[in-house]
Amino acid sequence: MTTQQQRGEAFRALHQRDGLFILPNPWDAGSAKMLAHLGFEALASTSAGLAFSLGRRDAEGTVSREEALANARAIIEATPLPVAADLENGYGDEPEDCAETIRLAAACGLVGGSIEDASGRPDTPIYPLELAVERVRAAVRAARALPFHFTLAARAENLLHGRNDLDDTIRRLVAFAEAGADVLYAPGLKTRAEIAAVVSAVAPRPVNVLVGSPALELNLAELAGLGVKRVSVGSSLARVAYGAFFHAAEALAGSGDLQPMGEAIPFERINQLFRG
């Protein structure tokens, strides 16, 4: 795949075929290349992974739209795979902010992206339903105006912000589907009953489930059996990498223990992964 149109069609096809597919989340060009080497068919950026790589906190508006799209471009250029992006809340409150973010995302080479209903404000963390739907509708209009297929995911963020209201989460996802979103996503779903309810409510639209949390009760085969189409890992792979780094550095700084560094991927192996 070399053209954006080809990548867009390939990404759409993943959502239309039978079964579940994994959409892993690299945080830079190197991690993207490694995931492509392992045979994954598409990639998606991670806002948290990017924030951590910049030495910043996530979910506090510390990463600009320009920085996020530059990171996405580096991932796009690293492999021939379709790439979607975590576009957070569209980098603005208004529907037109979401539309402009979709246009800019397309201009940098992305063929998919997500818009969430989290405001970024601690006092009112979730947008009112009517505004949240208008934001998704504006993003859909911008995506449909593009000369290739852009797969838009709409995210309901209640569960990540202490609003454990499954009924409202489903109400939002259904409204986002009716507004034209291609994929529906509620990070934080944990149980079979929750996931089954979401899949049923928005059918036949595909559902993305976040995996990697010990709180999730199901494995990939069980998620596929419930009709989940797509799973992503968010910042999990980035945190695995940073966790191993911190463990080795902590041992070095503390007792001078060199043992954890012996667990590193061999130089020749990683160097070979980045050939070409």
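Structure shown above.
Residues numbered from 1 in each chain as written. Predicted model: local features only at pLDDT ≥ 70, side-chain atom pairs only at ≥ 80, totals over all residues. Heavy atoms only, no water.

Student: Residue-level account of the overall build of the protein chain, with values.
Tutor: In terms of helices and strands, the protein chain carries 11 helices and 8 strands. Computed over the C-alpha atoms, the radius of gyration of the protein chain is 19 Å, within 12% of the 19 Å expected from 2.2 N^0.38 for a compact globule of 276 residues. Taken along the three principal axes of its C-alpha coordinates, the protein chain extends 55 × 40 × 35 Å. In the protein chain, which comprises 276 residues, the share counted as buried stands at 49%. The long-range share in the protein chain, meaning contacts at least 24 apart out of those at least 6 apart in sequence, stands at 67%. When the accessible surface of the protein chain is summed, it comes to about 13,100 Å², and 55% of that surface belongs to carbon and sulfur atoms. (Helix = DSSP H or I, 4+ residues; strand = E, 2+ residues; numbered from the N terminus. Rg over C-alpha atoms; globule rule 2.2 N^0.38 Å. Buried < 20%, exposed > 50% of the residue type's maximum accessible area, 1.4 Å probe, protein only. Contact = heavy atoms within 4.5 Å. Areas by Shrake-Rupley, 256 points an atom, 1.4 Å probe, with all protein chains shown as cover.)

Student: Can you tell me about the sheet that holds strand β1 (residues 21-23), naming the residues and giving the values?
Tutor: The strand order across the open sheet built from 8 strands is β1-β8-β7-β6-β5-β4-β3-β2, with neighbouring strands paired in parallel fashion. Looking at strand neighbours, the two that pair on one side only are β1 and β2 (43-44), the edges of this open sheet. By the bridge criterion, 3 bridges tie strand β7 (residues 207-210) to strand β8 (residues 230-232) in an arrangement that is parallel. Looking at β8, one finds that Leu210 is bridged to Ser232. (Pairing = 2+ DSSP bridges.)

Student: Would you mind going over the pattern of salt bridges in detail, with residue names and values included?
Tutor: Evaluation of the coordinates by the stated rule reveals 17 salt bridges. Across the salt bridge formed by Glu9 and Arg12, the nearest N and O atoms sit 2.7 Å from each other. With a gap of 3 residues between them, Glu9 and Arg12 both fall in helix α1 (residues 4-16), about one helical turn apart. Residue classification places Arg12 among the partly exposed positions, given a relative accessible area of 28%. Because the salt bridges share partners, they merge into one network encompassing Asp117, Arg163, Asp168, Arg171 and Arg172. (Salt bridge = Lys/Arg side-chain N within 4 Å of Asp/Glu carboxyl O.)

Student: Explain the pairing of strand β3 (residues 83-86) residue by residue, including any values.
Tutor: Each regular strand shows side chains that alternate between the opposite faces of the sheet. Every second residue of β3 is oriented toward a common face, with Val83 and Ala85 on one face and Ala84 and Asp86 on the other, all of them buried. In this sheet, β3 lies alongside β2 in parallel orientation, the contact comprising 2 bridges. For Ala44, the partnering residue across the bridge sits in β3 and is Ala84. As paired elements, β3 and strand β4 (residues 112-116) share 3 bridges and run parallel to each other. Looking at β4, one finds that Asp86 is bridged to Ser114.

Student: Go over a nonpolar patch on the surface, please, and point to the residues and values.
Tutor: A cluster of nonpolar side chains, Phe52, Tyr242, Phe245 and Phe246, forms an exposed patch at the surface whose accessible area comes to about 430 Å². The greatest single-element share of the nonpolar patch, amounting to 3 residues, is contributed by helix α10 (residues 236-254). Its location among the elements puts Tyr242 in helix α10. Classification of Tyr242 as partly exposed rests on a relative accessible area of 33%. (Patch = residues over 30% accessible without salt bridge, like charges linked within 9 Å, V, L, I, M, F, W, Y side chains within 5 Å.)

Student: An account of the packing of aromatic side chains is needed here, citing residue identities and associated values.
Tutor: Counted under the stated rule, the structure contains 2 aromatic pairs. Consider the rings of Phe11 and Phe21, whose centres lie 6.5 Å apart with planes at 80°: the pair is edge-to-face. Here the residue Phe11 occupies a position in helix α1, and Phe21 occupies one in strand β1, the gap between them amounting to 10 residues. Accessibility classification places Phe11 together with Phe21 in one group, the buried group. On the numbers, 6.5 Å between centres and 40° between planes, the contact of Trp27 with Tyr242 is tilted. (Phe/Tyr/Trp six-rings, centres within 6.5 Å; stacked < 30°, edge-to-face > 60°.)

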